Amino acid sequence: MAVFTLLSHNITLFQRGRMFKSLIFFLLLCISSLHAEIDSEKLSKLNVEALLVKNLSSNELLYSKEAEREVPPASLTKIMTTILAIEQGDLNSSVTITKEMLQVEPTKAGYKEGEVFLLEDLIKAALIKSDNDAAMAVAVAVGGTLENFKSMMNAKALEIGMV
């Protein structure tokens, strides 16, 4: 089973600069929160399908809710796509919308085959407006094909210990 099933409606990227700083802030917040005390009562009230809280240093499971339940990766996919785009993508490159890039539901921007956009602009649309079609275009532009992008995501997940 793939580490990530790439759900095209869950693909977004951060642009360099302000968006990259936001990602760094988010990661620092996550790291600093690892040292916080776990309030099981508050966690149990969260409106989430499943949740795991784990001490990454000791590998100790601190809290779980529906731990075995499979759920779509959602924002995790967005973060992984962001990391890959920052590492692999040339934000100033032109992206021509292809038929493969349009194979996503629901669409928001309504791109047409043959239209040309800067990768940076597609990233902004995917991130800020949550445009699924822009996110798909970014994934295909960075990976060459959707299948290749899935492989890239899985390789990166292994590399950073998410498996």
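These figures come from a predicted structure and were not determined experimentally.

Here we take up helix 5 (residues 132–143). For helix 5, which comprises 12 residues, the first-to-last C-alpha distance of 16 Å matches the rise-based estimate of 16 Å (1.5 Å per residue) to within 8%. The buried count for helix 5 comes to 11 of 12 residues, which makes it a mostly enclosed element. For helix 5, the complete set of buried residues consists of Asn 132, Asp 133, Ala 134, Ala 135, Met 136, Ala 137, Val 138, Ala 139, Val 140, Val 142 and Gly 143. Just beyond helix 5, the residue with positive phi is Gly 144, at close to 90°.

Time to look at the side chain of Asp 133. In this fold, Asp 133 is placed in helix 5. Since its relative accessible area comes to 2%, Asp 133 is described here as buried. Those residues in contact with Asp 133, other than ones at most four positions away along the chain, are Met 101, Val 104, Thr 107, Lys 108, Ala 109, Gly 110 and Tyr 111.

Turning next to the environment of Leu 122. Looking at where Leu 122 falls in the secondary structure, it is placed in helix 4 (residues 119–128). Between the C-alpha atoms of Leu 122 and Val 138, which are 16 residues apart in sequence, the distance is 6.5 Å. Residues in contact with Leu 122, not counting those within four places in the same chain, are Val 95, Tyr 111, Phe 117, Ala 134, Ala 137 and Val 138.

Turning our attention to the pairing of strand 1 (residues 51–55). In this structure, strand 1 lies alongside strand 2 (residues 60–65), joined through five bridges in antiparallel fashion. Each bridged residue has a counterpart across the sheet, and for Leu 52 the counterpart in strand 2 is Ser 64.

For the protein, mean pLDDT is 76; residues scoring 70 or higher make up 75% of the total. Per-element averaging of pLDDT across the protein places helix 1 (residues 18–33) at the bottom with 52 and strand 4 (residues 116–118) at the top with 95. Here residues 1–18 is a poorly scored stretch, pLDDT under 50, and it has 68 contacts once near neighbours within four places are set aside; other chains count.

Attention now goes to unusual backbone geometry. Peptide bonds are trans in most cases, and residues, glycine excluded, mostly fall at negative phi. The phi dihedral of Asn 59 is positive, around 65°, even though this residue is not glycine. Assignment of secondary structure puts Asn 59 in the loop between strand 1 and strand 2. Positive phi outside glycine occurs at Glu 66, with the angle close to 50°. Within the secondary structure, Glu 66 sits in the loop between strand 2 and helix 3 (75–88).

Once that is clear, we can look at helix 6 (residues 146–159). Each α-helix winds once per 3.6 residues, and so residues spaced three or four apart point in a common direction. The first and last C-alpha atoms of helix 6 sit 20 Å apart over 14 residues, in line with the 20 Å expected at 1.5 Å per residue. By the burial criterion, the buried members of helix 6 are Leu 146, Phe 149, Met 152, Met 153, Asn 154, Lys 156 and Ala 157. Positive backbone phi, at 75°, marks Gly 161, one or two positions downstream of helix 6.

About the cut-offs
Residues numbered from 1 in each chain as written. Predicted model: local features only at pLDDT ≥ 70, side-chain atom pairs only at ≥ 80, totals over all residues. Heavy atoms only, no water. Helix = DSSP H or I, 4+ residues; strand = E, 2+ residues; numbered from the N terminus. Expected span 1.5 Å × (residues − 1). Buried < 20%, exposed > 50% of the residue type's maximum accessible area, 1.4 Å probe, protein only. Contact = heavy atoms within 4.5 Å. Pairing = 2+ DSSP bridges. pLDDT = per-residue confidence, 0-100.

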